[in-house]
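One letter stands for each residue in the lines below.
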Amino acid sequence: MENMQAVNSFVAAYLKKKGFKEAEQLLEDIQSKDSAPVDFHNDPELAKFIHRFSQSEDDVARYQDGYSKLRSWAYGSLDLYKHELLRVLYPVFIHSFMDMVAKGHLQEARTFFKAFREDHELMHSRDLQKLEGVLSQSHLEEMEFSRSLRQSKVNIKICQYSYDLLLQYLHKTQSIAMLGVINEHINFQVFSGQPSSISDDAEVVTLIGSCQDAANQLNQKEIHWGLLEDSLEERLEKAGGLLSDSEKTEEENKEGDVDETKKRSIEGGKQGASTKESKKEKALNATTKNARLEASTTSAAPRVKPKLPLPLMSTEVEQSILEDLRNCVQLSSVALPSVSFYTFLNTHNGLNCSSISHDGSLVAGGFSDSSLKVWDMAKLGQQGGSSNLQVENDSSSSEQVLGPNGGKRSYTLFEGHSAPVYSATFSLLGDFILSSSVDTTIRLWSTKLNANLVCYKGHNYPVWDVQFSPVGHYFASASHDRTARIWSMDRIQPLRIMAGHLSDVDCVQWHANCNYIATGSSDKTVRLWDVQSGECVRIFIGHRSMILSLAMSPDGRYMASGDEDGMIMTWDLSSGRCITPLMGHTSCVWTLGFSCEGSLLASGSADCTIKLWDVTTSTKVPRNEEK
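Just so we're clear, the structure is a prediction, and the values are computed from it rather than from any experiment.

**Regarding the packing of helix α6 (residues 89–102) against helix α10 (residues 144–151)**
Helix-helix packing is characterised by the crossing angle of the two axes and by the distance between the axes. Packing of α6 against α10 brings their axes to within 11 Å, and their N-to-C directions diverge by 105 degrees. Looking at the two axes, α6 sits roughly perpendicular to α10. Of α10, the residues touching α6 (which contributes Ile94, His95, Met98, Asp99 and Ala102) are Ser146, Leu149 and Arg150. Taken together, the residues of the contact of α6 with α10 break down into four nonpolar, two polar and two charged.

Dropping the structure here:
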């Protein structure tokens, strides 16, 4: 009887809360006439369920009790299914915490958070640091990360038997609070067969804004990842310029090797030594030849038509680029590149980004004082400067760049932004620079006139990255407003807006054929977009923290992405799958770049190291060895 009265009071309170006045009045009339609680269908189980649900609405301690029991049950499960069941704990934990905050039980929520956060520190420390800042209901609504979590379901991969075990436990224990959290915030991807591997845990709690089936269907779209038809690389390949030069060099080396070997054997009589040396040289030549063959296979990429009208290039520029391509050195793990370093001095932690022109003649830096500064490498070390350069001479406050010979050179100052500059990029010929800023604008500068030409306004929030396309004229931007945009130099409004990420778009990169752009986001995903339609054609899932850097291979087949935890992942664009993770950095990977023939990948990190990776090995062998 007492139980039935509690059920009636809860139903009345629920009707009042939802504004069903007529139903509430009707229930009161029935109760006053019968002077006895209404028996709902004469079903004691239903009454018991409603009574338990009413308690779970009011009793916040049920979250802590329910989660604690679910945690104990998951850790006590059979090893075969344990790692799948443990995946459920993290989303249940964070949503239970946010539910408690939303209901106003702030102190209990903090106690709950501190009691169980240690379980998830290893995989989700960055997210926990963000959630730790949720101290009120208003924080829950205002914080972008928590709002994204509340609005999207988490996808969890689980086998059928593990799924059945979980449902059986929830119904058996009648854990209504946990069942409610799981039903509202988790989307299970149930499959038949054996449990998935532990390595799949990296995909847990990745926000993609849709169910996994939709993401899988999206990744089935056809990608034309090849190079552009009639490109300069293709013309050079048809002309045989690069191959003939290489063959000549190889033949000359062979003739020289034979002559040297003969001289050594005649003069010194040290046949054994000369034989060993000749073997080494043959081995090196063979390795170099293999590297050259591997590099030449990248030119076998399929040819595709451009989706954007491409700008015309003058004959002089074409000849200059072709000459550079002919003179390119074929790099590999046995033919590493030479390195030239420049150091910015006295920046006072104000340098946010830097960029080098394609010919290496100019270096640009974006600063927190809203300035963009450019150094001319040809005049590095010379005293004074060219009369047509705008130069600051206040050595006490100005930044200077130190070259290999120890000389110093003042910079050309570009002023126009009203907030910190976070990205700068040179055009193909180095005659233009694009910069993006927290002031929500993108500015186009002329290095010939040393002046600002255009201010592009379209984003409503800070613009974190901007990148010129490989052919110039077009550029892409990435912003805090969760969109990426495609622009052309001759228009002040964007041509396309790419919307789909659930958090900041932190970096953007063009595909080699200019038909696609890739975007990396704080939602831990990388997306590939078609520039013609503006549609997302790939979602790459696997990172455990925000994406900070992207790079495209020269043949357009592969992509590399670096995140805040120091992980680098290489992807096959056609399949959308991760080829191999490159592990070695211990902090943020801020920049990535492929060598011109695509055999090496360079990465720069906040751990104060630059690493070179043998990409040809990593794309063939599952395990990658750091080079």
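Next comes the rest of the account.
**Some words on the sheet that holds strand β12 (residues 421–426)**
Strand pairing in a sheet relies on backbone hydrogen bonds. The paired strands run either parallel or antiparallel. The four strands lie next to each other as β12-β13-β14-β15, forming an open sheet whose pairing is antiparallel. This sheet does not close on itself; its edge strands, each paired only once, are β12 and β15 (451–457). On average, each strand axis in the sheet is tilted by 20 degrees relative to the strand beside it, whichever way the strands run. In this structure, strand β13 (residues 432–437) lies alongside strand β14 (residues 441–446), joined through five bridges in antiparallel fashion. The residue of β14 that forms the bridge with Ser436 is Ile442.

**Some remarks on empty space enclosed by the protein**
Scanning the entire structure with this criterion turns up three cavities of 30 Å³ or more. The space that makes up the second largest cavity amounts to roughly 40 Å³. Together, Arg126, Asp127, Lys130, Phe145, Ser522, Lys524, Arg544, Ser545, Met546 and Glu564 line the second largest cavity. Sort the elements by how many residues they give to the lining of the second largest cavity and helix α8 (residues 121–131) lands first, with three residues. Class assignment of the residues belonging to the lining of the second largest cavity gives a composition of two nonpolar, two polar and six charged.

**Some words on the UniProt feature "repeat: WD" (unreviewed entry) in the chain**
In the numbering used here, UniProt assigns the feature "repeat: WD" (unreviewed entry) to residues 344–377, 414–446, 456–497, 498–539, 540–581 and 582–623. A helix fraction of 0% and a strand fraction of 59% characterise residues 344–377, whose end C-alpha atoms lie 13 Å from each other. Secondary structure content for residues 414–446 is 0% helix and 61% strand, and the end C-alpha separation is 10 Å.

What counts, and where the lines are drawn
- Residues numbered from 1 in each chain as written.
- Predicted model: local features only at pLDDT ≥ 70, side-chain atom pairs only at ≥ 80, totals over all residues.
- Heavy atoms only, no water.
- Axes fitted to C-alpha atoms, helices over the stretch in contact; angles between N-to-C directions.
- Helix = DSSP H or I, 4+ residues; strand = E, 2+ residues; numbered from the N terminus.
- Parallel < 35°, antiparallel > 145°, perpendicular 65-115°, else oblique.
- Contact = heavy atoms within 4.5 Å.
- Nonpolar A, V, L, I, M, F, W, Y, C, P; charged D, E, K, R; others polar.
- Pairing = 2+ DSSP bridges.
- 1 Å grid on protein atoms, 1.4 Å probe; cavity = no way out; pocket = protein on both sides within 12 Å on 5 of 7 lines; lining within 4 Å.
- Points joined across faces, edges and corners; volume = space filled by probe spheres on them.
- UniProt positions renumbered as here; feature names shortened; annotations may be inferred.

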